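The primary structure of each chain is shown beneath.
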Amino acid sequence: DGKLRKPVVVWVDGCFDMMHYGHANALRQAKAMADILVVGVHSDAEILVNKGPTVMKEQERYAAVAACKWVDVVVPDAPYFTTLQVLDKFHCDFCVHGDDITTLADGTDCYQEVKDANRYRECKRTQGVSTTELVGRMLLMTKDHHKRRSSLAQSPITHFKSEELEGFSSGASKSAPYTTISHFLPTSRRIVQFSEGREPMPGDKVVYVDGDFDLFHVGHIELLRAAKAQGDYLLVGVHDDQTVNAIKGSNFPLMNLHERVLSVLACRFVDEVVIGAPFKVTKEVLEKVYKVDVVVVAKPEHDIDGADPYALPRAMGIAVKLPASGRELTTDDIIWRIIEQRKLY
Ligand code: CTP
């Protein structure tokens, strides 16, 4: 309305371990209450004392939060207990957190001080996803899942005997809720909330990159950042569950198509997503959504039938292979971390 008013600055803090679309959805809701969203992320040491070990290291967690399109500022090493002093230091009007209680190791509510000062607001927690639940999905992979990959390639969900899961389950509970079946119910409304709705401007160079984007992590973020730098508008193809399973086998993907699409949409480098893109980069992919100018070569260069999925963009002279950054993380690396640290969960 043209009038000058003080911008509303909002604070959110958390661990953001294995950042998922539940975290992103909390940040989206917080940003809707704000002009500027400041996100404090706890250090590994701070989380270890109050909650336990993390899967992702602090630098990876900071990078994951910074890549979320609703975040304006990341504050590393934020304290676990949220004080008024912290809010004032970063000029935040109030703090937002999901409607679940977060406590210190001694049981104190982390938000008591800001609640008492009426500088606390709540957003709705997203049902069906949590870091613990994702760890559970990963623990359903046996130690030798890599070796078993080819023989299991046809089975989308692998069943394990209860003895095999012994020692994988957390704490004393025998009925750990570990399952490979996602409890997330995707709705079109959620996809709309996460979507950008921006179309390419005339003259924009459209870049296409495709992949599984399972357990969205810093490796994916780096790829999308580099892909976006190849042009002006980034279109991302996300493969459907059958395609991922046919290529990767075992009980991959760990997140279903809709969950993977939401993670990709929450990333600031992404403009649009093809939901269930084919593995082969076809004429349809390159022409039907938007006319693609550059295709980033990012996945294995042979399909299940051995053919090169990039044959067409290569023949057209629009395929680009990015130089390896040398510090890529893979979904398999994350699973191995969890399997190795499993006694800690
Ligand atoms: N959050 C959410 N929905 C989820 C998970 C987390 O809205 N499914 C919100 C939390 O309420 C919090 C923010 O995301 O406001 C950061 O959460 P974090 O500190 O990482 O902790 P957890 O709540 O423990 O998240 P998770 O259970 O996934 O580890």
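Now for a description of the structure that goes with this document. (Residues numbered from 1 in each chain as written. Predicted model: local features only at pLDDT ≥ 70, side-chain atom pairs only at ≥ 80, totals over all residues. Heavy atoms only, no water.)

**Examining the site of the ligand**
The condition is simple: It suffices for a single heavy atom of a residue to lie within 4 Å of a molecule or strand for the residue to be listed as near it. Any pair of N or O atoms that falls within 3.5 Å is considered a polar contact. Within protein, one atom must be able to donate a hydrogen and the other to accept it, and sequence-neighbouring residues count only if both atoms are side-chain atoms. Numbering of helices and strands starts at the N terminus; helices are DSSP runs of H or I of at least 4 residues and strands are runs of E of at least 2. The residue classification treats Ala, Val, Leu, Ile, Met, Phe, Trp, Tyr, Cys and Pro as nonpolar and Asp, Glu, Lys and Arg as charged. All others, Gly included, are polar.
The full set close to the ligand counts 16 residues, and H20, K51, R125, V129 and T131 are the nearest of them. Measuring from an oxygen atom of the ligand, one finds a side-chain N or O atom of R125 at 2.8 Å. Going through the elements one at a time, α1 (21-32) and β4 (94-98) are the ones with two or more residues in the shell around the ligand. Ranked by residues supplied to the shell around the ligand, first place goes to α1 with 3 residues. Here the shell around the ligand is built from residues that sort into 4 nonpolar, 9 polar and 3 charged.

**Concerning the sheet that holds strand β2 (residues 36-41)**
As a reminder of what qualifies: A pair of strands is labelled paired if DSSP reports no fewer than 2 bridges between them. For every element, the axis is a line fit to its C-alpha atoms; helices are fit only across the contacting stretch, and the angle between N-to-C directions ranges from 0 to 180 degrees. A contact between two residues is defined here by any heavy atoms of the two lying within 4.5 Å.
The strand order β3-β2-β1-β4-β5 describes an open sheet built from 5 strands, whose pairing is parallel. Of all the strands in the sheet, the pair left with one neighbour each is β3 (73-76) and β5 (120-123). Across the sheet, the mean angle from the axis of one strand to that of its neighbour is 30 degrees, orientation sign disregarded. With 4 bridges connecting them, β4 and β5 associate as parallel partners. Paired with H97 across the strands is E122, a residue of β5. Along the sheet, α1 makes contact with β1 (9-14), β2, β4 and β5, crossing β2 at roughly 140 degrees.

**Looking at the sheet that holds strand β10 (residues 319-321)**
One open sheet holds the 5 strands; their spatial order is β8-β7-β6-β9-β10, and the pairing between them is parallel. For this open sheet the edge positions go to β8 (272-277) and β10, each flanked by a neighbour on one side alone. Ignoring strand direction, the axes of neighbouring strands in this sheet form an average angle of 25 degrees. Two elements, strand β6 (residues 206-211) and strand β7 (residues 233-239), share 6 bridges in a ladder whose sense is parallel. Paired with V207 across the two strands is L234, which belongs to β7.

**Quick notes on the side chain of H23**
Positionally, H23 belongs in helix α1. When residues no more than four places from it in sequence are discounted, the contact partners of H23 are F16, D17, M18 and T131.

**Some remarks on the packing of helix α6 (residues 131-139) against helix α15 (residues 331-340)**
Helix-helix packing is described using two parameters, namely the angle between the two axes and the distance between the axes. Note the following rule: In this scheme, roughly parallel covers angles under 35 degrees and roughly antiparallel covers those over 145, while 65 to 115 is roughly perpendicular and the rest are oblique.
Here α6 crosses α15 at 90 degrees, and the two axes come no closer than 10 Å. The pairing of α6 with α15 is recorded here as roughly perpendicular in orientation. Here α6 contributes V135, M138 and L139 to the contact with α15, which in turn contributes I334, I335 and I338.

**Description of the pattern of salt bridges**
Put simply, the rule reads: Definition used for salt bridges: Asp or Glu carboxyl oxygen within 4 Å of a side-chain nitrogen of Lys or Arg. Burial classes follow relative accessibility: with a 1.4 Å probe on protein chains only, a residue under 20% of its type's maximum area counts as buried, one over 50% as exposed, and anything between as partly exposed.
Inspection of the entire model under this criterion finds 20 salt bridges. When the shortest N-O distance is used, the salt bridge between E196 and K69 registers 2.7 Å. With a gap of 127 residues between them, E196 in the loop between α9 (188-194) and β6 and K69 in the loop between α3 (58-66) and β3 connect regions that are remote in the sequence. On the basis of relative accessible area, E196 is assigned to the partly exposed category, the value being 40%. With its nearest N and O atoms 2.8 Å apart, the salt bridge here joins D308 to R314. Here R314 falls in the partly exposed class, since its relative accessible area comes to 36%.

**Some details on helix α12 (residues 257-265)**
In terms of burial, α12 is largely enclosed, as 8 of its 9 residues are buried. Within the sequence span of α12, burial applies to L257, E259, R260, V261, L262, S263, V264 and L265. Along its buried surface, α12 packs onto α1, α6, α9, β7, α11 (241-248) and β8.

**So, the environment of A229**
Relative to the elements of secondary structure, A229 occurs in the loop between α10 (218-228) and β7. Residue A229 is classed as exposed on the basis of its relative accessible area of 65%. Note: C-alpha distance between A229 and V207 (22 residues apart in sequence) is 9.0 Å.

**Quick word on the nonpolar core**
What counts, and what does not: Nine residue types can take part in a nonpolar core, namely buried Ala, Val, Leu, Ile, Met, Phe, Trp, Tyr and Cys, and a core is a set of them joined through side-chain atoms within 4.5 Å.
The biggest cluster of nonpolar side chains holds 67 residues, and the ones touching the most others in it are M18, L27, M138, L224 and V236. With residues up to four places along the chain from it excluded, the contact list for V236 reads Y208, V209, F213, L224, V264, V270, E272, V273 and V274. The next biggest cluster of nonpolar side chains, apart from the first, holds 17 residues, and it includes C15, V38, L87 and Y120.

Keep in mind these values describe shape, not function.
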